[in-house]
Structure formats: C-alpha cells, structure tokens
Amino acid sequence: MLNSGRMTLGIEVVLLTAAAISAAQSANMESPGRPDPQIAAALRQVSAQRIQSNIEKLVSFGTRLTLSAQDPQSIAAGRGIGAAREWIKSQFESYSKDCGGCLAVKTDTFTEAPGDRIPKPTEISNVYAFLKGTDAENAKRIVLVTGHYDSRNSDMLDLSGDAPGANDDASGTAVSLECARVLSKSKFPATIIFLTVAGEEQGLNGSHHFAKMARDEGWQLEAVLNNDIVAGDKSKDQDHLVVRVFSEGLPSAATDQEIRRIRGLGGESDSASRQLARFIADVGRTYDAGVKPMLVFRLDRFLRGGDHYSFNQQGFAAVRITEFREDFHHQHQNVRTENGVEYGDLTKFVDYDYVSHVARLNAATLASLAAAPAPPANVNILTKDLENDTTLTWEASPGGLATEYEVLWRATTSSAWEHAQNVGSATRATLKLSKDNVIFAVRALDKAGHRSLPVVPVPER
Ligand SMILES: [Zn+2]
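**Quick look at the sheet that holds strand β19 (residues 438-445)**
Argument step 1. Pairing is antiparallel across the open sheet formed by three strands, whose spatial order is β17-β16-β19. Among the strands making up the open sheet, the edge pair consists of β17 (419-422) and β19. Going across the sheet, the axis of each strand differs from the next one's by a mean of 25°, ignoring polarity.
Argument step 2. Here eight bridges tie strand β16 (residues 404-411) to β19, and the two strands are oriented antiparallel to one another. The partner of Tyr 405 across the bridge, within β19, is Ala 444.

Following this line, the structure appears as structure tokens:
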C-alpha cells in the first residue's frame, strides 16, 4: 500500500529510506530558517533611542502603581498610573497615524474587586493595539506581545511614593510599543496585538482579565510573548548577549485525561508553550537580533510568576522573556542608598541597546509567526498496528498559505528539534524510525520558507 510518491485516496505517501533519512539528518540538523527581507528591514528600524525616551517617559510619571491616582487632575499633572495609561494610548495612536490608521487602539477596562493586594474596588485598564491581518482567512489567527506598565516600590500599597519601574516593567512596555511602531509599517496575513497590561504587581489582574476575555470570545491566539524585566541591568555579572525564555512543561490548562496521555507518551517537554520557545530559538538563529535566546524549561523563575501564566491558565501558548541576570537591589525597592548600596529601579541601570536587541527578537518572532501559515491541523500518529516504521497524517494547514510540510524529530533525551525532513505537499508521511525512540512534530511552510509552529502528533483514535 505505501509506495513512494504514489497517490492513494488523494493522499500522497512518502516512504523514506534509511539512507535518505540519514542524508536528511546531516543536511538539515538545526538548520536556520530563510530570513525574510521585509522582516529584516523592519528589524533595522528598531531604535535604542526611541526605547530610551519611552522608558524615561514612563519613569517620569513618578509611580505607576495600579492603585495610584488616575483622576483627571493627576493625569493632567502627569503623575500616577492614569497618566501613564493615557500616554501609552497616545503613542499607539501616533504610530497608527503614521501608517494611515493601520492600528486599532483599544482599552480593556474593568473594576477589580478588593483582595489581598487591592484594598478597595479599583479600575484597571489594559491598553492595546491591533494590526489586523491582511488575509481574510488568516486574520483571525493572532500573535501577541505584552509587558506590564504598572510598577511598585518596597510597599505594594504605597500609593504616592516613587516607584520608577524602569526595568520592571517599563522595559517590557517599551518592547510592546517599539514592536508596534516598526511592524505597523509592514503587512502580515495574520493579526498582531501589541498589549500593555496593569495590575501585574497586585496579582496578574490585568493579564488575567485579558486572557479570559480572549478565551471567552474564542480568539485564535497562537502565541503570547511576555516581556518582563528585559532592561539588561548593568550589574557586573550580566550577560548582555543572552535573554532567557521561560516556558511551562505540563500545560497549566491540561485536563486530568490530557495529563495521563502526556505521561504515557513522554510528552512532558512538548507543551504548545515549549514549541513556541523552540520557535523563538529558531528565530534567534535566522535573524541576528543582537541577543541570543536561552531556553529555560520551567514556567518562570524559581517560585516566581508573571503575566504569561494568565494566558497559560486559559490554554494559550505563552512564554516569559527576561534578562539573563536580575539585580534584586533594583526591583520592588524604594529608591535609596544604604551602606553604600544603591536601591531602586532606576533608568541609570538600564542598557538601552540590550532592550533594543530584545525588542528585535520579539519583532522577528511576531513577524515570523504572522507571516507563516497556520500550523497543520489534526496531526496524528498511526498506532493501529504495532510496527517499527512511523506513519504520521495531518490535515492541510487551514488558511491556504502552506505549500509544503516538514516532519521534525529529536531523541527523547534532546531538548531541541534535531532533524527535519521536507515531505512536499503531502499530508501523510512514513518514516523508517520507531515512534518508541524519538519525538515527532509536523510544521507547515509557505513558498517563501516561513515556518509555522510545529505540532506534536497525538495517537490516532
Ligand atoms: Zn514585572
């Protein structure tokens, strides 16, 4: 039945010989993608000076504590979270003006009920801009970048004391803004959202509300990049060439049945968030952002949290991007000097070139995803017969952008995809490799070489 190149029931079957696989392994091992000139041109527009002026402006609001002032007088005086919110909105609007109204600027406002870190009902606003996809079918696919614009000092209920938050997280907010500015000059088939949230320091309130809205409204959110603490603090052991990318292993939103399947198949390192992290590593090899992603296979830093978790909880692929080494004297601290040690999250510790490199890595990832075909659908691994070959089947990538597919695999002990075999436009492939010994995935490509997120197959039912 399974002959090379034969069409069977409209499905092309590819049977690979061991020699072909071995040649493919050496030819394709960890090969970088093909850079897209339009994306490379957009990355050259990322400006460290713009990022510097945006971070300095955010710090100028004195405090951006979620509980701080947001009445009209304070906004007019330029102090408190309300003034920061209005300024962020005006930035998105100015970028939109420069691209003929290409961005839809929106605010997601709600009242958070009192809780541990919220003494009274508090209005919280997330500010975001949509760059709608240009392809009707693919515009419903969304990729998103976020940072939190709220800040705090030593006392998370201190409404009026300064909380500059230059690194945590004016830097991440500046990444969302700069990505919006440079990518709004290009067109992509899928939609990109540039988000800034509040309430992170009080309990991930803004991101929780936004992620829940995305799930309740059935958004097809394929990837979330959360940038939190990406200023490359100028402490002596900082590595300015590396940025960490944290991703969950077992999905936070998995059901008990899904956890049982993951355990049975050895899929503990193959969540959608982890595929996104590997995609970012791939982007880091394809484009020279100035900083290399270092994947950390953990939800977040040890026992700590961030806004990507809100998206993970709603079942979305989301990662956290953070500088290589944090300086805890410069986070969540009142500005002061004690025993010769400077405390406080001040602009003087920010490496603006580093933030621009992180912004470039984010923009390259967003653009690569928004330009790429949707991942292949219903990827299965046939298990009816016990056999040493492996047959994978899938449905064409929805949206019509894909022209071909690649089967990826790696040893079960490997962290990164090691091999790729192009199977043309086939939606079924048989490989002379035992499903017992490797982990497979399938990704879609378009004719320009844009790669989709890979999908790990599930056993066919
Ligand atoms: Zn933060």
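**Focus on the coordination of the zinc ion**
Argument step 1. In the first shell of the zinc ion, the protein supplies His 148 (NE2), Asp 168 (OD), Asp 228 (OD) and Asp 228 (OD), at 2.0 to 2.6 Å from the metal.
Argument step 2. Taken together, the four donor atoms surrounding the zinc ion define angles of 54 to 144° at the centre, an arrangement classified as irregular.
Argument step 3. In primary sequence terms, the donor set of the zinc ion follows H-x19-D-x59-D. Residue His 148 is found in strand β6 (residues 141-148), and its partner Asp 228 is found in the loop between β8 (220-227) and β9 (242-246); the two are separated by 80 residues along the sequence.
Argument step 4. Note on His 148: relative accessible area 0%, which makes it buried.
Argument step 5. Classification of Asp 228 as buried rests on a relative accessible area of 2%.

**Topic: the packing of aromatic side chains**
The geometry of an aromatic ring pair comes down to the distance between the two centres and the angle between the two planes.
Argument step 1. In this structure the tally under the stated criterion is eight aromatic pairs.
Argument step 2. Ring centres of Phe 210 and Trp 219 lie 5.5 Å apart, and the angle between their planes is 85°; this geometry places the pair in the edge-to-face category. Summarising the burial analysis for this pair, Phe 210 and Trp 219 share the class buried.
Argument step 3. Linked through ring pairs, Tyr 128, Phe 130, Phe 210, Trp 219 and Phe 311 together constitute an aromatic cluster.
Argument step 4. One cation-aromatic arrangement involves Arg 274 over Phe 297; the distance from NZ or CZ to the ring centre is 4.1 Å.
Argument step 5. Geometry around Trp 417 places Arg 278 over its ring, the cationic atom sitting 5.7 Å from the centre.

**Some details on the sheet that holds β8**
Argument step 1. The sheet built from eight strands is open, its strands ordered β4-β5-β7-β6-β8-β11-β9-β10 with mixed pairing. Only two strands of the sheet have a single partner each, and these edge strands are β4 (103-112) and β10 (292-296). Looking at each pair of strands side by side, their axes are set apart by 25° on average, direction ignored.
Argument step 2. With four bridges joining them, β9 and strand β11 (residues 318-323) adopt antiparallel strand pairing. By the bridge assignment, Val 245 is partnered in β11 with Ile 321.

**Examining the state of the cysteines**
Argument step 1. All told, the structure shown has one disulfide when counted by the stated rule.
Argument step 2. Disulfide pairing places Cys 99 opposite Cys 102 at an S-S distance of 2.0 Å. With the S-S dihedral at roughly -85°, the linkage between Cys 99 and Cys 102 falls on the left-handed side.
Argument step 3. With no disulfide partner, Cys 179 has as its closest neighbouring cysteine sulfur the one in Cys 102, 14 Å distant.

**Points about the nonpolar core**
Argument step 1. In terms of nonpolar packing, the biggest core is built from 76 residues, with Ile 55, Phe 92, Leu 183, Ile 192, Phe 194, Leu 276 and Leu 366 touching the most fellow members.
Argument step 2. Of the residues forming this core, the biggest block, 13 residues, is contributed by helix α12 (residues 352-371).
Argument step 3. Beyond its immediate sequence surroundings of up to four residues, Leu 276 is in contact with Ala 223, Val 224, Leu 225, Ala 317, Ala 318, Val 319, Leu 369 and Leu 453.
Argument step 4. One finds Ala 211, Ala 214, Leu 221 and Phe 311 within the second-largest nonpolar core, a separate group that totals 17 residues.

**Details of the side chain of Arg 244**
Argument step 1. With respect to the helices and strands, Arg 244 occurs in strand β9.
Argument step 2. Engagement of the side chain of Arg 244 in a polar contact is seen with the backbone oxygen of Glu 323, the distance being 2.9 Å.
Argument step 3. For Arg 244, the side chain forms a polar contact with the main-chain oxygen of Phe 324, separated by 3.2 Å.
Argument step 4. The residues contacting Arg 244, other than those within four sequence positions of it, are Met 294, Val 296, Arg 301, Arg 320, Ile 321, Thr 322, Glu 323, Phe 324 and Glu 326.

**A word on helix α10 (residues 272-286)**
Argument step 1. With 15 residues, α10 extends 21 Å from end C-alpha to end C-alpha; this agrees with the ideal 21 Å at 1.5 Å per step.
Argument step 2. Along α10, 13 of the 15 residues are buried, which leaves the element largely enclosed by surrounding structure.

**Quick look at the pairing of β16**
Argument step 1. With six of eight residues buried, β16 lies mostly within the body of the structure.
Argument step 2. Across four bridges, the pairing between β16 and β17 is antiparallel. Looking across to β17, one finds that Val 407 is bridged to Gln 421.

**Here we look at unusual backbone geometry**
Argument step 1. Asp 169 follows Asp 168 through a cis peptide bond whose omega is 5°.
Argument step 2. Mapped onto the secondary structure, Asp 169 falls in helix α6 (residues 166-183).
Argument step 3. Here Leu 303, not a glycine, exhibits a phi torsion of approximately 60°, which is positive.
Argument step 4. Among the structural elements, Leu 303 can be located in the loop between β10 and α11 (308-313).
Argument step 5. Since its relative accessible area comes to 81%, Leu 303 is described here as exposed.

Cut-offs and rules
Residues numbered from 1 in each chain as written. Predicted model: local features only at pLDDT ≥ 70, side-chain atom pairs only at ≥ 80, totals over all residues. Heavy atoms only, no water. Pairing = 2+ DSSP bridges. Helix = DSSP H or I, 4+ residues; strand = E, 2+ residues; numbered from the N terminus. Axes fitted to C-alpha atoms, helices over the stretch in contact; angles between N-to-C directions. Donors = N, O, S within 2.8 Å, 3.2 Å for Na, K, Ca; no water. Tetrahedral: all angles 85-135°; square planar, octahedral: opposite > 155°, others 65-115°. Buried < 20%, exposed > 50% of the residue type's maximum accessible area, 1.4 Å probe, protein only. Phe/Tyr/Trp six-rings, centres within 6.5 Å; stacked < 30°, edge-to-face > 60°. Lys NZ or Arg CZ within 6 Å of the ring centre and 35° of its normal. Disulfide = S-S within 2.5 Å. Core = buried A, V, L, I, M, F, W, Y, C linked by side-chain atoms within 4.5 Å. Contact = heavy atoms within 4.5 Å. Polar contact = N/O pair within 3.5 Å; in protein donor to acceptor, adjacent residues only side chain to side chain. Expected span 1.5 Å × (residues − 1).

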